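# Fold and contact review
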Amino acid sequence: MKTVRQDPTSPSFVQDPYPYYRLARAEGDFVFWQDYGMTAAVTHRAVDAVMRDPRFARVPLEGFSKAPDHLKAFAALEARSLLNLAPPEHTDLRAAVMRNMTTGRIKALAPQIETIAKSLIDAFPDASFDLMSSFCNALPVQAIAALLGVPISASTELLTWSRAMCALYRASPSANEEAEAETASCDFHHWVTSLLDEKQRAPGPDVLSDLAALECEGAITRADSISTAVLLLNAGHEATALALGNAFAILSDCNHRGPVGAELVEECLRIDPPLHLFIRWAQTDLELFGHKVAAGEQIACLLGSANHDAAMFQDPTHFDTERTLKANAAFGVGRHFCLGAGLARLEMQIGLTALFHPQAKVRITNSPRYADRYHFHGFDRIEVTRAG
């Protein structure tokens, strides 16, 4: 296995990691990424195999180390998250939650999402403004509010909490970010607890009511309900906001106008996904494609590399508006496939169609730069204006 070197904090790499991915794939399915000190799966088949293989898990063989005292509330929310559970607990909880996260339930949100998108666009100023804060961040969190069954007015607090908690998923958060995440975790816990109690008394056609009903049935616990609500908020907001921004920049570059369908959304997700690296831990000694993996070893699954693999996608660096719809790794695969992927795709179709409607007249004024971080790949700001 080839050892490769690439500083993940290098500005040139952060702005365009795809040339490095291409060189890494030329070395085989797996490389040893020295800067991370772990093996990386870089081809589509390797990423797909690792993420589907039940012999790999999202948690270390010995489990995660105990959280420090100053992050107890955050750790409590994470402890019952579907992201961190393994079978049979993961299987049972996901099955219970998915009973109500149906395709029909998601599609039924379309009129509300269309209304939200139109309202946000109607509020755009005539002067130059930031599309990320005015639309790409706002649309997903308001859609999550609709899904959970809470007033849209709660979205400001939801966004604040989500951003604070998601900061801990990035490398080396500061002491201030940790403190803000802990406060957000406490606030969110109290808020959701009160709402779940309310939904048990007066249920509605929403996910929080579904979770409250599952609690009453004994299918899940209160901790499961709260952690699932947190997951829907954090995963449903951060990745979708970045995906919206990335897709808007891509489609603007090719002067797209008109509706944005499922195939075009999928191609945007393929060519520039919002999440680039997931880690899996081997739970036993195993072998994949001739590569031996020891129990306890970490494997970095490079989703961005998998999506540019020529063995899976013809002419992968080309943004092909006519590309045949084919599943990509943007939202992961396997048992930890993103719970809110269907909602994210729907938001992208509706949101991008609204932005590229002739009446919206939204144009990029300055070429955006990706935020200075790896893993979460996208823009903090996209300066735009409404053309006359």
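Right above here is the structure, for reference.
Notes on the structure in this doc start here.

The rules behind the values
- Residues numbered from 1 in each chain as written.
- Predicted model: local features only at pLDDT ≥ 70, side-chain atom pairs only at ≥ 80, totals over all residues.
- Heavy atoms only, no water.
- Salt bridge = Lys/Arg side-chain N within 4 Å of Asp/Glu carboxyl O.
- Buried < 20%, exposed > 50% of the residue type's maximum accessible area, 1.4 Å probe, protein only.
- Helix = DSSP H or I, 4+ residues; strand = E, 2+ residues; numbered from the N terminus.
- Pairing = 2+ DSSP bridges.

## A short note on the pattern of salt bridges
- Summed over all chains, the structure comprises 15 salt bridges.
- Here Asp206 makes a salt bridge to Lys199, at a shortest N to O gap of 3.1 Å.
- A relative accessible area of 6% places Asp206 in the buried class.
- Residue Asp380 is joined to Arg373 by a salt bridge in which the shortest nitrogen-to-oxygen separation is 3.1 Å.
- Its relative accessible area of 45% is what places Asp380 among the partly exposed residues.

## A few points about unusual backbone geometry
- The residue Asp315 is not glycine, and still its phi comes out positive at about 50°.
- For Asp315, the position within the fold is in the loop between α15 (303-306) and α16 (341-355).
- On the accessibility criterion, Asp315 (44% relative accessible area) is partly exposed.
- Even without being glycine, His375 reaches a positive phi, approximately 80°.

## Description of the sheet that holds strand β5 (residues 129-130)
- Taking strand neighbours across the sheet as the criterion, the 3 strands line up as β5-β11-β10 in an open arrangement whose pairing is antiparallel. On the outer flanks of this sheet lie β5 and β10 (362-364), each paired with one strand and no other.
- Pairing between β10 and strand β11 (residues 383-386): 3 bridges, direction antiparallel. For Arg363, the partnering residue across the bridge sits in β11 and is Thr385.

The values reported here are purely geometric and, on their own, carry no functional implication.
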